[in-house]
Amino acid sequence: MMIPLVALIRKDLRLFLGDRRAVIMSFLAPILIGAFFGYVFGGNGKRETSRIEVLMVDQDGSAISRGILTDLQASKSLSVKPAELAAAREAVRKGTATVAVVVPKDFGAAAGKAFFQPVDKPEIGVLYDPSHSAEQNMVQGILTGSVMQIVSKEVFNGPTGSTVVTDSLAQIAASQKMKPEDKAPLQDLLKSVQKFNARPKTETSGGGQGGLSVPYQIREEAVTARTGQEYNAYAHSFGGMSIQFILFMGIDVGIGMLLMRQRGLWKRLRAAPLSRSLLLGSRAISAALTSMLILAVVFSAARLLFGVRIEGSLAGFVGVCLAFSIMTASFGLLVASLGKTPDATRGLSILATLVMLMLSGAWVPAFLFPQWMQSATMFIPTRWAMDGLDAMTWRGLGFSAALGPIGALLLSAAIFGAIAVSRFRWEAEG
Amino acid sequence: MLAARNLRKSYGPHVAVDGVSFDIARGETIGLLGPNGAGKTTTVSMISGLLRPDSGEVLIDGRAVTGDTDSIKHKIGLVPQDLALYDELPARDNLEFFGALYNLAGARLKRAADEALDLVGLTDRAKDKVSDFSGGMKRRLNLAAALMHDPDLLLLDEPTVGVDPQSRNAIFENLETLKKRGKTLLYTTHYMEEAERLCDRLVVIDHGKVIANDTLHGLYKLLPVTNILSIELENPECGLRLAEVRAFAAVQSAELEAGILRIGVQNLAADAPAVLQWLVSNGYPYSHVVSDRPDLETVFLTLTGRSLRDS
Ligand SMILES: Nc1ncnc2c1ncn2[C@@H]1O[C@H](COP(=O)(O)OP(=O)(O)OP(=O)(O)O)[C@@H](O)[C@H]1O
Ligand SMILES: [Mg+2]
């Protein structure tokens, strides 16, 4: 019983490791393609996120407009360069810049006045590339904060401020439209500003430094394994590609059994005094061992090359790998029992597997799917494998989060296995 | 050793084997003969337990095979019609793998592999991959793989198909050795001359039915002639009339072609001298006389009315 079992498993593993094509497909391909997808989908978080290219057309040249430019340039999300209007428009049209901000002549003075009186607001032109409207919104947000801060600072502190306040006071006094009961409090406010502006300036005086600013700061933190640990796209892509190429290996197991039948080897195995469970069981065990080996090699490479770590439970990770390997093994047997000729079976099962992979999020993470698709794909076993690997790697979840995926994978393994055994053609016909 | 009882197997509406029965005694070599599609492989598959018969039974040493793991399977060695080998593995590893399926391990396994390699003359190629072997060498290894567990009964399904004359001869010598060691052989082929050389008894099947089951001698007796005399006439233009020759009571058949007269007789010793004497005394001298048995080809032709190769 043990001698034939060991011999069968050893033979399967030898044939697999001796097959150059199989080894390249199973070990090298997932590493190379995993590296590619991981890089494209954001790397391991250490890489700088690309800044939005912004051009600023300063037609004003005032202290305010220069201040806005300096402030925008300090933003870590933007890369801001001054430009002429025509050149900026051309750059946006060609896509070399995403957004161009146009500050018109006399903006500084007009903005100062509009600060207190809701009249004649100056306009800032925003030219943007319509394929990047999300970035355009982001630039506008940053611009609003910036303009608010610079204008208010100028109004309360700078030389432009005193002129603006003096001018405004004169305008209010001359105004016909304003009611006297409205004029008085506004004049009081502006006179206070005048006094505030005229006070002797010392370095230590608190509020004197800046103007109004957005009354909060954003502290960004991606929610992953632990604080300071960023999303590692390689963790996902290596998981996805292991799943893909291990399923291909599973197909090869099934095709191999069909070939064995075609080549008469199946007759030799059936002529020997071996039980059916030994024949199928040994093949399932060797397929699962191969799958575990591939997972071990691919995730070791991911760790060495891209710092992918099992942030969650190691036992959970091993459990998910094991359950997925068993699922792959019974998937292979399913292919062998439903397939007729090796060639026809290969084409069909590769197609089915690719669809399954696509829907499981092995290529594009499932959290990017529309909601209905996220729920519909819960019936696909590889989706659970993917979620399980994600949970145990970059999400850093505990063992309990692995139980769902392990259960779902073992359940599908049982279903595949049951169909395979019931439909298997035991006879070795002539 | 082996008894096949009324075996029947159909594939859909097509009946491949239709009530085949025969026995093989221990140490006997039986030829299972028949044209392509006669049902030979199907019969062998049922005997070796690969295929469940629709009806009928197979007894090995008087006992039916029960279940996949029945130890009686140790007595059977199957040489499939296809080359059932792992091309990617060396010859010895193939043999050791098939031996392990029969629970052989360690020194016993090594020894069995050595003996099998030795028998088929592949000892010095033991480490080479099967994919590097010639067709004849693969055939020999295909035979060796069935010998690892030292079975008493060998089921050989066309073990020489697609092989050059030299390798065919080598395989024949291997089989003769096995026969001498007391093995029981069931030899499937559609080559009559192979069966003639090796087999004690022949089972001829056609369209899934046994049409003859006898020793060579017995089969020949079914024929109207047991010997054919080929007489080379000195003068092909001598004007011999076949009707005169056929007038002899002993002459069963007579043909004349390119100066060679062929005469079929039942009893060589009694009938030949009279015919030869008559030829000389009537002015038809001859330069050469050969006597031949009709081959199994003729036997098959007589039994079925069809030639073996093109049926
Ligand atoms: N798996 C199968 N499905 C359907 N028909 C089959 C199958 N195997 C064999 N047959 C049919 O059964 C008949 C007997 O086939 P079998 O292989 O036993 O013949 P054979 O005597 O071994 O022929 P050959 O000399 O070509 O090997 C043939 O008509 C064949 O077409
Ligand atoms: Mg055959």
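Residues numbered from 1 in each chain as written. Chains lettered and ligands numbered in written order. Predicted model: local features only at pLDDT ≥ 70, side-chain atom pairs only at ≥ 80, totals over all residues. Heavy atoms only, no water.

### As for the coordination of the magnesium ion (ligand 2)
Residues and elements named next belong to chain B.
Then comes step 1: Only Thr-41 (OG1) and Gln-81 (OE1) from the protein reach the magnesium ion (ligand 2) as donors, at distances of 1.8 to 2.2 Å. Placement of Thr-41 in helix 1 (residues 40-47) and of Gln-81 in the loop between strand 6 (76-79) and helix 2 (91-100) is noted, with a sequence separation of 40 residues between them.
Then comes step 2: Thr-41 gets classed as buried once you look at its relative accessible area, which sits at 14%. (Donors = N, O, S within 2.8 Å, 3.2 Å for Na, K, Ca; no water. Helix = DSSP H or I, 4+ residues; strand = E, 2+ residues; numbered from the N terminus. Buried < 20%, exposed > 50% of the residue type's maximum accessible area, 1.4 Å probe, protein only.)

### Structural notes on helix 8 (residues 180-198) of chain A
Along an α-helix, residues three or four positions apart point the same way, because every turn accommodates 3.6 residues.
All names here are of chain A.
Then comes step 1: A rise of 1.5 Å per residue sets the reference length of helix 8, with its 19 residues, at 27 Å; its end C-alpha atoms lie 27 Å apart and thus fit the reference within 8%.
Then comes step 2: Within the sequence span of helix 8, burial applies to Lys-183, Leu-186, Leu-190, Val-193 and Asn-197. Within helix 8, the buried residues cover an arc of 95° as seen down the axis, which keeps them to one side. Facing away from the buried side of helix 8 by more than 90 degrees, the exposed set consists of Pro-180, Glu-181 and Lys-195. (Expected span 1.5 Å × (residues − 1). Arc of directions from axis to C-beta.)

### Considerations on the pattern of salt bridges
As a working rule, side chains carrying opposite charge can pair if their charged atoms are close by.
Then comes step 1: For the structure on display, the rule yields 32 salt bridges over all chains.
Then comes step 2: The salt bridge involving Asp-343 of chain A is made with Arg-346 of chain A; its shortest N-O contact spans 3.9 Å. Pair noted here: Asp-343 of chain A and Arg-346 of chain A are both in helix 13 (residues 342-360), with a separation of three residues, about one helical turn.
Then comes step 3: Taking the shortest distance from any N to any O, the salt bridge between Lys-110 of chain B and Glu-96 of chain B comes out at 3.6 Å. Here Lys-110 of chain B is found in helix 3 (residues 106-120), whereas its partner Glu-96 of chain B is found in helix 2, with 14 residues between them in sequence. (Salt bridge = Lys/Arg side-chain N within 4 Å of Asp/Glu carboxyl O.)

### Focus: the site of ligand 1
Then comes step 1: Inspection of the region around ligand 1 gives 15 residues, with Asn-36, Gly-37, Lys-40, Thr-41 and Thr-42 of chain B positioned closest.
Then comes step 2: Ligand 1 sits at the junction of chains A and B, each of which supplies nearby residues.
Then comes step 3: Contacts to ligand 1 include Gln-81 of chain B, whose side-chain N or O atom sits 3.0 Å from an oxygen atom.
Then comes step 4: Measuring from an oxygen atom of ligand 1, one finds a side-chain N or O atom of Glu-158 of chain B at 3.0 Å.
Then comes step 5: Protein coverage of the free-state accessible area of ligand 1, which is 640 Å², stands at 70%.
Then comes step 6: Every element with two or more residues in the shell around ligand 1 is listed here: strand 2 (14-24) and helix 1 of chain B.
Then comes step 7: Among the elements that make up the shell around ligand 1, the one with the highest residue count is helix 1 of chain B (three residues).
Then comes step 8: Broken down by class, the residue content of the shell around ligand 1 amounts to four nonpolar, eight polar and three charged. (Near = heavy atom within 4 Å. Polar contact = N/O pair within 3.5 Å; in protein donor to acceptor, adjacent residues only side chain to side chain. Areas by Shrake-Rupley, 256 points an atom, 1.4 Å probe, with all protein chains shown as cover. Nonpolar A, V, L, I, M, F, W, Y, C, P; charged D, E, K, R; others polar.)

### What about the nonpolar core?
Then comes step 1: Formed by 158 residues in total, the largest nonpolar core has its most connected members in Phe-324 of chain A together with Phe-22, Leu-95, Leu-101, Leu-141, Leu-175 and Leu-186 of chain B.
Then comes step 2: In terms of residue count, the dominant contributor to this core is helix 9 (residues 233-262) of chain A (15 residues).
Then comes step 3: Beyond its immediate stretch of four places on either side in the chain, Leu-95 of chain B contacts Ala-113, Ala-116, Leu-117, Leu-141, Ala-144, Ala-145 and Met-148 of chain B.
Then comes step 4: The next biggest cluster of nonpolar side chains, apart from the first, holds 27 residues, and it includes Leu-72, Val-80, Val-103 and Val-165 of chain A. (Core = buried A, V, L, I, M, F, W, Y, C linked by side-chain atoms within 4.5 Å. Contact = heavy atoms within 4.5 Å.)

### A word on the sheet that holds strand 2 of chain B
Residue and element names in this part refer to chain B.
Then comes step 1: Pairing is antiparallel across the open sheet formed by four strands, whose spatial order is 2-1-4-5. Each of the sheet's edge strands pairs with one partner strand only, and the pair in question is strand 2 and strand 5 (63-64).
Then comes step 2: Bridge count for strand 1 (residues 2-11) against strand 4 (residues 55-60) is five bridges, and the pairing is antiparallel. Counted as the bridge partner of Arg-8 is Ser-55 from strand 4. (Pairing = 2+ DSSP bridges.)

### Let's talk about a nonpolar patch on the surface
Then comes step 1: Together, Phe-36, Tyr-39, Val-40, Phe-41, Val-364, Phe-367 and Leu-368 of chain A make up a nonpolar patch on the protein surface, roughly 680 Å² of accessible area in all.
Then comes step 2: Within the secondary structure, Tyr-39 of chain A sits in helix 2 (residues 20-40). (Patch = residues over 30% accessible without salt bridge, like charges linked within 9 Å, V, L, I, M, F, W, Y side chains within 5 Å.)

### Re the packing of helix 2 of chain A against helix 11 (residues 276-306) of chain A
Residue and element names in this part refer to chain A.
Then comes step 1: Contact geometry of helix 2 with helix 11 gives a least axis separation of 10 Å together with a crossing angle of 40°. Remark: the crossing between helix 2 and helix 11 carries right-handed chirality. Residue-level contacts link Ser-26, Phe-27, Pro-30, Ile-31 and Ala-35 of helix 2 to Leu-293, Ile-294, Val-297, Val-298, Ala-301, Leu-305 and Phe-306 of helix 11.
Then comes step 2: Of the residues that constitute the contact of helix 2 with helix 11, the class distribution is 11 nonpolar, one polar and no charged. (Axes fitted to C-alpha atoms, helices over the stretch in contact; angles between N-to-C directions. Left-handed = near helix turned anticlockwise from the far one by under 90°.)

### Things to note about the interface of chain B and chain A
Bring the parts together and some accessible area is lost; that lost area is often taken as the interface size.
Then comes step 1: Contacts between the two partners involve 37 residues from chain B, matched on the other side by 26 residues from chain A.
Then comes step 2: Summed over both sides, the interface of chain B with chain A buries roughly 2800 Å², with 58% coming from carbon and sulfur.
Then comes step 3: A salt bridge links Arg-276 of chain A to Asp-68 of chain B, with the nearest nitrogen and oxygen atoms 2.8 Å apart.
Then comes step 4: The interface formed by chain B and chain A includes 10 residue pairs in polar contact (both at pLDDT 80 or more).
Then comes step 5: Among the elements of the structure, strand 1, helix 1, strand 6 and helix 2 of chain B are those that each provide at least two residues to the side of chain B that touches chain A.
Then comes step 6: Considering each element in turn, the side of chain B that touches chain A owes the most residues, four residues, to helix 2 of chain B.
Then comes step 7: Counted by class, the side of chain B that touches chain A contains 21 nonpolar, seven polar and nine charged residues. (Buried area = accessible area lost by both parts, 1.4 Å probe.)

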